[in-house]
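# Structure at a glance
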Amino acid sequence: MGSSLKYLYAIYGASGFGRGVMPLAREQLITENIQNYELVFIDDGENKQAVNGHQVYSFEAFLELEAADKYVAIAIANNRIREKLVQKVDLHNLKHWSVRAPTVTSMDEVQIGEGAILCNYVHFTSNIKIGKFFHANYFSYVAHDCIIGDYVTFAPGVKCNGNIHIEDHAYIGTGAVIKQGTSDKPLVIGKGAVVGMGAVVTKSVPPGVTVIGNPARMLEKK
Ligand SMILES: CC(C)(COP(=O)(O)OP(=O)(O)OC[C@H]1O[C@@H](n2cnc3c(N)ncnc32)[C@H](O)[C@@H]1OP(=O)(O)O)[C@@H](O)C(=O)NCCC(=O)NCCS
């Protein structure tokens, strides 16, 4: 009988980040009082049958499972790989799922697109717009009037101050501090740029480059 089928919820990725997201997902399903479900990992490179008490399936095996509905949260920090997996999930008409830790705080007029993963103690102040498949690892914040594109990744402890625009596919390393812009001249982190861990970004960063250090400078390719 269709009605007895379970709802399947999956964390795609059983590596370090995915294993950190799983307990948040578990807690979220309990808080939302979801019934009759199973919470699993999808991982195409993991040989173990179970990780931290959750079954692990390859994507192909996950597709074969019978379920009332299937929800997938993609916990892969690399934004290019994340985008490819989103396309796979869409191709098979699975549903995207966002995971939000209970300690996330968000003030007024904060818009966040589908498929986000927001870890513990992430904080958003007011008037912020963020695209789809955003990841904010624990202790990151985004301040007022920031605009963030699609597939942006924040490692832990990113300090994104006010009036900053971050374009699609940018990666911000752990502990980076980005100087505030102004409403008429936002500080811009260009498309696909990488900000190294611990960088202090004082000026806009062009698309596709990597910056490191204090003040942040372009990492020269050797
Ligand atoms: C900036 C970064 C992307 C560069 O990676 P990479 O291209 O593989 O660079 P390498 O490791 O080859 O380092 C190149 C040089 O830059 C230095 N360097 C690398 N990252 C640096 C950083 N964040 N700050 C200062 N110097 C850095 C290295 O010491 C090395 O110097 P050397 O040539 O004098 O030996 C990477 O180091 C980084 O910071 N990634 C973010 C990590 C992170 O936040 N992880 C979170 C996991 S949840």
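A brief report on the enclosed structure follows. (Residues numbered from 1 in each chain as written. Predicted model: local features only at pLDDT ≥ 70, side-chain atom pairs only at ≥ 80, totals over all residues. Heavy atoms only, no water.)

## Some points on the overall build of the chain
- Helices and strands together make up the secondary structure of the chain, namely 3 helices and 25 strands.
- The globule rule puts the C-alpha radius of gyration for 222 residues at 17 Å, and the 18 Å found for the chain is close to it.
- Each principal axis of the C-alpha distribution contributes one length, and for the chain these read about 60 × 45 × 30 Å.
- For the chain, the proportion of contacts with a sequence separation of at least 24, taken over those separated by at least 6, is 30%. (Helix = DSSP H or I, 4+ residues; strand = E, 2+ residues; numbered from the N terminus. Rg over C-alpha atoms; globule rule 2.2 N^0.38 Å. Contact = heavy atoms within 4.5 Å.)

## Side note on the nonpolar core
- The biggest cluster of nonpolar side chains holds 54 residues, and the ones touching the most others in it are Ile11, Trp97, Phe124, Phe154, Ile166, Ile189 and Val201.
- Elements that contribute at least two residues to this core include exactly strand 1 (7-12), helix 1 (16-31), strand 2 (37-42), strand 5 (69-74), strand 10 (117-118), strand 12 (128-130), strand 18 (164-166) and strand 21 (187-189).
- The dominant element in this core, judged by the number of residues it contributes, is helix 1, at 6 residues.
- Sequence-distant contacts of phenylalanine 154, defined by excluding residues within four places in its chain, comprise Phe134, His135, Ala136, Asn137, Ser140, Tyr141, Val142, Ile148, Cys160, Ile166 and Ile172.
- Core analysis: the next-biggest nonpolar cluster, separate from the first, contains 17 residues, Phe62, Val72, Leu94 and Phe133 among them. (Core = buried A, V, L, I, M, F, W, Y, C linked by side-chain atoms within 4.5 Å. Buried < 20%, exposed > 50% of the residue type's maximum accessible area, 1.4 Å probe, protein only.)

## Focus: the pattern of salt bridges
- Scanning the entire structure with this criterion turns up 3 salt bridges.
- For aspartate 44, the salt bridge goes to lysine 88, with nearest N and O atoms at 3.6 Å. With aspartate 44 in the loop between strand 2 and strand 3 (50-51) and lysine 88 in helix 3 (residues 79-91), this pair connects stretches of sequence that are 44 residues apart.
- Residue aspartate 69 is joined to lysine 95 by a salt bridge in which the shortest nitrogen-to-oxygen separation is 3.0 Å. Taken together, the residues aspartate 69 in strand 5 and lysine 95 in strand 6 (residues 95-96) connect sequence positions 26 residues apart. (Salt bridge = Lys/Arg side-chain N within 4 Å of Asp/Glu carboxyl O.)

## Topic: the sheet that holds strand 10
- Taken together, the 8 strands give an open sheet; going across it, the order is 7-10-13-16-19-22-24-25, and neighbouring strands pair in mixed fashion. Each edge of the sheet is formed by a strand with only one pairing partner; in this case those strands are strand 7 (99-100) and strand 25 (217-218). (Pairing = 2+ DSSP bridges.)

## Structural notes on the site of the ligand
- All residues adjacent to the ligand are Ala155, Pro156, Tyr171, Gly173, Thr174, Val194, Gly196, Met197, Thr210, Ile212, Leu219 and Lys222.
- Between threonine 174 and the ligand, the recorded distance is 2.7 Å, taken from a backbone N or O atom to an oxygen atom.
- At a separation of 2.9 Å, a nitrogen atom of the ligand approaches a polar backbone atom of methionine 197.
- Within the complex, the protein chains bury 42% of what would otherwise be the 900 Å² of accessible surface of the ligand.
- When its residues are assigned to classes, the shell around the ligand shows 7 nonpolar, 4 polar and 1 charged. (Near = heavy atom within 4 Å. Polar contact = N/O pair within 3.5 Å; in protein donor to acceptor, adjacent residues only side chain to side chain. Areas by Shrake-Rupley, 256 points an atom, 1.4 Å probe, with all protein chains shown as cover. Nonpolar A, V, L, I, M, F, W, Y, C, P; charged D, E, K, R; others polar.)

## Digging into the environment of methionine 218
- Following the sequence through the fold, methionine 218 ends up in strand 25.
- Along the sequence, methionine 218 and leucine 118 sit 100 residues apart, while their C-alpha atoms lie 29 Å from each other.
- Contact partners of methionine 218, with chain neighbours within four places excluded, come to Pro206, Val209, Thr210 and Val211.

## Description of the packing of aromatic side chains
- Taken as a whole, this structure holds 8 aromatic pairs when the rule is applied.
- Ring geometry for tyrosine 9 versus tyrosine 71: centroids 4.6 Å apart, planes at 10 degrees, classification stacked. Of this pair, tyrosine 9 sits in strand 1 while tyrosine 71 sits in strand 5; the two residues are 62 residues apart in sequence, bridging distant segments of the chain.
- Note on tyrosine 9: relative accessible area 7%, which makes it buried.
- What links up through ring pairs into an aromatic cluster is the set Tyr9, Tyr37, Tyr71 and Trp97.
- A cation over a ring is seen here: lysine 70 above phenylalanine 62, with NZ or CZ 5.3 Å from the ring centre. (Phe/Tyr/Trp six-rings, centres within 6.5 Å; stacked < 30°, edge-to-face > 60°. Lys NZ or Arg CZ within 6 Å of the ring centre and 35° of its normal.)

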